[in-house]
Amino acid sequence: MERIVIISSGLAGAKTAARIKRQAPSAEVNLLVPIEVEEGSKEGIFGKCNPMAHVSSVLLDAKQISVLPMASMELDFENKTVHASSPQGCIPIRYTKLIMEIDAAPRLPRAIRGAQNVIPWPLEQAGLVDEWLESYDPKTAVVYGGAHAMSLIDPLLKAGVSVTWARSECSEFDPEFWHIVSNKVEAGAEGKVRVVPMTETAVMPELNAEGDVRALACGSEVVEGDVFFWADTPRAVHPIVAEQGVDLDPSGFIAVNEDFSCGLEDVYLFGSAVAAKRAEVTGKSNAPFEASSVGSLITHGRVLSSVALEQPVTWNGSCASSRYQAADCAAFRTGLTQKEAVEAGYEPEFVIFNATPVLAGINAKAVVKLVCDKASGIVLGAQACGALDAGWIDGVAAGTAVALASNMTVQTLSCVDMVAGGMMLNKAASMLSNKLEERIFGITPDELIASREAGAKFFVLDLRDQIAWRAGHIEDAYNIPFTQLKKRLQDEVPRFTPLVIVSHDSDIPYSIACYLYGLGATSLYVLDGGMELWPYDLVAG
């Protein structure tokens, strides 16, 4: 008889087991889950923050699936046997197919492994953090890491702890987009969270006499706290990585084939520690994607259920969607970032702007960045960041995933009928189409400053009103309020000097640039992101 064993503590593993049993009722399906932590630790803030972390109770009544809580296990791949230690004793379970969900975990630096006030994150049994916080009763906490660190901020704030986010480098977003995310987290926390970028040099922990961490130092930045969470760059730390035939990719995650096989006979791996295939775009070889969202893992489980039953399955890879939120800030990425696109061999083009879809009662700003391949126009990825009430940005994520799965060009995407967030994706795609056709060019703040320093001549036209202009503008910029432009255009704007059009965001400047292009103007540039995303000093008055 076919016996499929699934080792998992997450919702994705449970859904995979149920799907396999539904498709093959005659197969024996065993779901092995870790014994849950004590009830007391589930009642705290961290114990409740991830209701999908443990699923054994969800399936205990599913009589057709054998659910076995286990305290520990040993794997005998040669004899295809799992030796599970449970309250009933040690139980050997033979399998014909083995599916394992393996989660990533951060590696603590050797200098702080003995510190009692440091905890790695993410932690599978998150409820234990409540007990740890209760014993320390901290007033301040330092969270070190990138995107994964964001999931710590809200629970700590609910626990009454002041938070400093020591933000490290993270590939989830492009560098300038990290600046946007940081600002929105700080603004959303209303002074309860301080974000300190620690990206220039190596981070050095400072210890006290007892061997606990007192502070983290990075160049001139020093952050102190009572407790420290280390959420920097999780890696695969599961014992299976020591098995012959199991390889790691350059990022430290377990490398698997397109069917999630790992080099061990009839063994399949998925989870946040596994580098799954990324959706292919224009035939180039893209870096694998480490799935961390529940949605991505559930999708991988669907593929695995067909693989385990040797059924035909069409899967073009993961669209690399990740969503994070903290302190009234939601941020996502889907597909490749601009940096990843360069590393994958593309010549990317992008647009970034403050988007506000004022329709159907929606009036919530978010920053959207769309990336495409310059040669073909094919969509490569998107990033977005806004307040939690800007729920329409999830529509941008969904639309981007569909565009990636179908190798859609920005020209096509700009014409696809969509609503709410999708309309902002249409707008971004339309802007990119104009860039690709060289009607309009985008220019970043860094590029504008560097070009000026190299001797390039630009006429910077600021379309904001006089109040905004006097509060702060780019040096040597010229102000004509948008409402007066048509009257003053011919006399005050030079015809043969490259024109950089500036406003609060990129929306109106793109419209004006299209209008000027229709009048025969060339060398038209729009400041990416507008003045709201300008990171440098301004001239007042």
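What this report covers is the structure whose coordinates are included nearby. (Residues numbered from 1 in each chain as written. Predicted model: local features only at pLDDT ≥ 70, side-chain atom pairs only at ≥ 80, totals over all residues. Heavy atoms only, no water.)

Moving on: the overall build of the protein. In terms of regular secondary structure, the protein is built from 16 helices and 29 strands. In terms of C-alpha radius of gyration, the protein reaches 26 Å, essentially the compact-globule figure of 24 Å for 541 residues. Seen through its principal axes, the protein has C-alpha atoms that stretch 90 × 60 × 45 Å. Counting every position in the protein, which comprises 541 residues, the buried fraction comes to 51%. When contacts within the protein are restricted to residue pairs at least 6 apart in sequence, those whose partners lie at least 24 apart make up 63%. Per element, the accessible surface of the protein, about 24,400 Å² overall, is 50% carbon and sulfur. (Helix = DSSP H or I, 4+ residues; strand = E, 2+ residues; numbered from the N terminus. Rg over C-alpha atoms; globule rule 2.2 N^0.38 Å. Buried < 20%, exposed > 50% of the residue type's maximum accessible area, 1.4 Å probe, protein only. Contact = heavy atoms within 4.5 Å. Areas by Shrake-Rupley, 256 points an atom, 1.4 Å probe, with all protein chains shown as cover.)

What follows deals with the pattern of salt bridges. A side chain with one charge can pair with a side chain of the opposite charge if their charged atoms come near. Throughout the structure, instances matching the rule amount to 20 salt bridges. The partner of Lys 80 in a salt bridge is Asp 266, with the nearest N and O atoms 2.3 Å apart. Placement of the pair is Lys 80 in the loop between strand 4 (72–76) and strand 5 (81–86) and Asp 266 in the loop between strand 16 (254–255) and strand 17 (267–270), with a sequence separation of 186 residues. Judged by relative accessible area, Lys 80 falls into the buried class, the value being 16%. In this structure, the salt-bridge partner of Arg 439 is Glu 437, at a minimum N-O distance of 3.0 Å. Using a relative accessible area of 40% as the deciding quantity, one classes Glu 437 as partly exposed. The structure contains a network of salt bridges with shared partners spanning Glu 172, Arg 278, Arg 333 and Glu 340. (Salt bridge = Lys/Arg side-chain N within 4 Å of Asp/Glu carboxyl O.)

Further remarks concern the state of the cysteines. Counted according to the given criterion, the structure contains zero disulfides. Looking at Cys 329, it has no disulfide partner, and the nearest cysteine sulfur is the one in Cys 385, 3.6 Å off. You can call Cys 329 buried: its relative accessible area is 0%. The thiol sulfur of Cys 514 is not disulfide-bonded, and the nearest other cysteine sulfur, from Cys 415, lies at 14 Å. (Disulfide = S-S within 2.5 Å.)

As paired strands, strand 4 and strand 5 are joined by five bridges and run antiparallel to one another. Paired with Ser 72 across the strands is Ser 85, a residue of strand 5. Turn length for the strand 4-strand 5 hairpin, with the two strands adjacent in sequence and antiparallel, is four residues, and the turn residue Lys 80 shows positive phi of about 50°. (Pairing = 2+ DSSP bridges.)

The subject of this paragraph is the pairing of strand 24 (residues 379–387). Burial within strand 24 is extensive, with eight of its nine residues counted as buried. Both strand 23 (residues 366–373) and strand 24 contribute to a ladder of seven bridges, which runs antiparallel. Bridging across to strand 24, Val 371 finds its partner in Gly 381. Between strand 23 and strand 24, which pair antiparallel in sequence order, lie five residues; one of them, Gly 377, sits at a positive phi of approximately 80°.

What follows covers the nonpolar core. Counting residues in hydrophobic clusters, the biggest one holds 94 residues, and the most contacted among them are Leu 156, Trp 165, Val 185, Phe 229, Leu 370 and Trp 392. Formed by 53 residues, the second largest nonpolar core is a distinct cluster that contains Val 67, Ile 99, Leu 264 and Ala 273. (Core = buried A, V, L, I, M, F, W, Y, C linked by side-chain atoms within 4.5 Å.)

Let's shift gears to the sheet that holds strand 1 (residues 3–7). Taken in spatial order, the five strands of this open sheet run 3-2-1-7-17, and their pairing is parallel. Edge positions in the open sheet fall to strand 3 (65–70) and strand 17, since each of these has one partner strand only. Strand-to-strand twist in this sheet, taken as the mean axis angle between neighbours without regard to direction, amounts to 20°. Bridge count between strand 1 and strand 7 (residues 97–101): four bridges; the pairing is parallel. By the bridge assignment for strand 7, Ile 4 is matched with Lys 97. (Axes fitted to C-alpha atoms, helices over the stretch in contact; angles between N-to-C directions.)

Attention now goes to the sheet that holds strand 19 (residues 289–290). Read from one edge of the open sheet, three strands run 16-18-19, paired in mixed fashion. The open sheet is flanked by strand 16 and strand 19, the only strands paired with a single partner. Where strand 18 (residues 274–276) and strand 19 come together, two bridges link them in antiparallel fashion. The residue bridging Ala 276 from the neighbouring strand is Phe 289, located in strand 19.

The tally for this structure, following the rule as stated, stands at twelve aromatic pairs. Judged by centre distance (5.3 Å) and plane angle (50°), the ring pair of Trp 132 and Tyr 136 falls under tilted. Here Tyr 136 and Trp 132 lie together in helix 5 (residues 128–136), a separation of four residues that amounts to about one turn. Given a relative accessible area of 31%, Tyr 136 falls into the partly exposed group. (Phe/Tyr/Trp six-rings, centres within 6.5 Å; stacked < 30°, edge-to-face > 60°.)

Our focus in this paragraph is helix 7 (residues 175–189). One full turn of an α-helix is made of 3.6 residues, so residues set three or four places apart face in the same direction. Here helix 7 is 15 residues long and its end C-alpha atoms lie 22 Å apart, about the 21 Å a rise of 1.5 Å per residue gives. Turning to helix 7, its buried residues are Phe 177, Trp 178, Ile 180, Val 181, Ser 182, Val 185 and Ala 189. Downstream of helix 7 by one or two residues, Glu 190 has phi in the positive range, about 55°. (Expected span 1.5 Å × (residues − 1).)

Backbone torsion omega between Trp 121 and Pro 122 reads 10°, so that peptide bond is classified as cis. Looking at the secondary structure, you find Pro 122 in the loop between strand 8 (118–120) and helix 5. For Glu 190, which is not glycine, the phi dihedral falls at a positive 55°. Position of Glu 190 relative to the elements: it lies in the loop between helix 7 and strand 11 (193–197). With relative accessibility at 68%, the residue Glu 190 sits in the exposed group. Unlike most non-glycine residues, Asp 266 shows phi in positive territory, near 60°.

With respect to the secondary-structure elements, Lys 435 resides in helix 12 (residues 421–436). A relative accessible area of 4% places Lys 435 in the buried class. Here Phe 350 takes part through its backbone oxygen, which lies 2.6 Å from a polar atom of the side chain of Lys 435. (Polar contact = N/O pair within 3.5 Å; in protein donor to acceptor, adjacent residues only side chain to side chain.)

With that settled, consider the environment of Thr 140. Its place among the elements puts Thr 140 in strand 9 (residues 140–145). Judged by relative accessible area, which is 28%, Thr 140 ranks as partly exposed. Linking Thr 140 and Gly 381, residues 241 residues apart in sequence, is a C-alpha distance of 37 Å. Sequence-distant contacts of Thr 140, that is, excluding residues within four places in its chain, are made with Val 161, Ser 162, Gly 225, Asp 226 and Val 227.

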